[in-house]
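Overview (structure and organization)
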Amino acid sequence: IDNFEDQLIGTHPGDNVKVNVTFPEDYSDANVAGKPAVFDVTVHSIKVTPELTDEFVAENFADTASTVEEYKKSIEDEFYKQHLEEYITKFITENSTVKSYPAKYLKNTKSVTKYNDESMMAYYNQMFSSYGMDAYKNVWELRGEEIKDEISYEKELTSRAKEAVKDALIYQAIYEKAGLSIDMDKAFADMTEQNSEEYVTNMKETYGEGYLAQAEIKKAVTEYLNNTVKVN
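Just so you know, these numbers come straight off a predicted model, no measurement behind them.

Another aspect to go through is unusual backbone geometry. The residue Asn3 is not glycine, and still its phi comes out positive at about 75 degrees. Its location among the elements puts Asn3 in the segment before strand E1 (16–22). Its relative accessible area of 43% is what places Asn3 among the partly exposed residues.

Written out as structure tokens, the structure is:
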């Protein structure tokens, strides 16, 4: 949003500032596009970008590097891995076909997708209400101007669900053909360590262990392909 950060110039940690802005006319959310808004901002800190030196790297990135050269190489390797994964994912999707969609599986995936849409709508509505802005009345309002009613939303929802099912079936096929395996006990232990036991329990109850296993299967396949694919 233009002029937002400009209004923070000259402030200090601990200052409370009211920032007056106008959302751009082409803002991604049509509910606030072109409308004025006031943000209550508390300045917590002012940070200055440090100089990248061997000493700075050794102090802040000791787990991955001890020199600037090593640090830059680790960043390069990470970006290479990221772009390779993106390329592989796109290639697999564009060069694979699904002969049929299991009806029950598609129905469940469609329900999960709709649940995620409704959860997002509830989140936005709660945020909007705190600013006194209009809330979404229907879930399809989140999906863009071309989705104007429940019928068009259901068609688009089915299309998204099919894409998700196709993705899962493709990775399942590669997983089985490559003879890969996953350890869900370890996966749940890692999830618990990163989040909490309550989080893992809620995920299991909301989505089911099979749904969570799909994510682990995709990770296993992606790692397998990353180590298998040769890039010229």
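Here the narrative resumes, following the displayed structure.
Running from N to C, helix H2 (residues 68–94) and helix H7 (residues 209–228) cross one another at 105 degrees; their axes reach a closest spacing of 10 Å. Classed by the angle they form, the pair H2 and H7 counts as roughly perpendicular. Between H2 and H7, the contacting residues are Lys81, Leu84, Glu85, Ile88 and Ile92 on the first element and Thr222, Leu225 and Asn226 on the second. Tallied by class, residues from the contact of H2 with H7 come to 4 nonpolar, 2 polar and 2 charged.

A complete count under the given rule lists 14 aromatic pairs for this structure. Here a set of aromatic residues connected by ring pairs shows up, and it is made of Phe4, Phe23, Tyr27, Phe39 and Tyr131. Over the aromatic face of Phe188 sits the side chain of Lys204, whose NZ or CZ is 4.1 Å from the ring centroid.

Covered by surrounding structure in strand E2 (residues 36–42) are Ala37, Phe39 and Val41 only, the residues Pro36, Val38, Asp40 and Thr42 on the alternate face being uncovered. Of the pairings in the sheet, the one linking E1 to E2 comprises 7 bridges and is antiparallel in character. By the bridge assignment, Lys18 is partnered in E2 with Asp40.

Turning to the environment of Tyr199, a few remarks are in order. Tracing the backbone through its elements, the reader meets Tyr199 in helix H6 (residues 197–207). A sequence separation of 184 residues divides Tyr199 from Asp15, and the C-alpha atoms of the two residues are 35 Å apart.

Looking now at a nonpolar patch on the surface. Together, Tyr123, Met127 and Tyr131 make up a nonpolar patch on the protein surface, roughly 320 Å² of accessible area in all. Tracing the backbone through its elements, the reader meets Met127 in helix H3 (residues 103–130). For Met127, a relative accessible area of 31% translates into the label partly exposed.

Our next topic: the environment of Lys166. Inspection of the secondary structure assignment puts Lys166 in helix H4 (residues 150–177). Overall, the relative accessible area of 13% leaves Lys166 in the buried class. With 151 residues separating them in the primary sequence, Lys166 and Asp15 have C-alpha atoms 51 Å apart. If sequence neighbours within four positions are ignored, Lys166 has contacts with Thr93, Ser96, Val98 and Tyr101.

This part covers the side chain of Thr109. Among the structural elements, Thr109 can be located in helix H3. Apart from residues no more than four positions distant in its own chain, Thr109 is found in contact with Ala161, Ala164 and Val165.

This structure, assessed with the given rule, holds 10 salt bridges. Glu156 is paired through a salt bridge with Arg160; the nearest N and O atoms lie 3.2 Å apart. Note that Glu156 and Arg160 are positioned in helix H4 at a spacing of 4 residues, about one turn of the helix. Owing to a relative accessible area of 18%, Glu156 belongs among the buried residues under this scheme. Among the salt bridges present, the one from Glu216 reaches Lys219, with a minimum N-O distance of 3.5 Å. Of this pair, Glu216 and Lys219 both sit in helix H7, 3 residues apart, which is roughly one turn of the helix. With a relative accessible area of 17%, Glu216 lands in the buried category. Classification of Lys219 by relative accessible area gives exposed; the value is 52%. Overlapping salt bridges bring together Asp117, Arg143, Glu156 and Arg160 as one network.

About the thresholds
- Residues numbered from 1 in each chain as written.
- Predicted model: local features only at pLDDT ≥ 70, side-chain atom pairs only at ≥ 80, totals over all residues.
- Heavy atoms only, no water.
- Helix = DSSP H or I, 4+ residues; strand = E, 2+ residues; numbered from the N terminus.
- Buried < 20%, exposed > 50% of the residue type's maximum accessible area, 1.4 Å probe, protein only.
- Axes fitted to C-alpha atoms, helices over the stretch in contact; angles between N-to-C directions.
- Parallel < 35°, antiparallel > 145°, perpendicular 65-115°, else oblique.
- Contact = heavy atoms within 4.5 Å.
- Nonpolar A, V, L, I, M, F, W, Y, C, P; charged D, E, K, R; others polar.
- Phe/Tyr/Trp six-rings, centres within 6.5 Å; stacked < 30°, edge-to-face > 60°.
- Lys NZ or Arg CZ within 6 Å of the ring centre and 35° of its normal.
- Pairing = 2+ DSSP bridges.
- Patch = residues over 30% accessible without salt bridge, like charges linked within 9 Å, V, L, I, M, F, W, Y side chains within 5 Å.
- Areas by Shrake-Rupley, 256 points an atom, 1.4 Å probe, with all protein chains shown as cover.
- Salt bridge = Lys/Arg side-chain N within 4 Å of Asp/Glu carboxyl O.

Shape descriptors only; they carry no functional weight alone.
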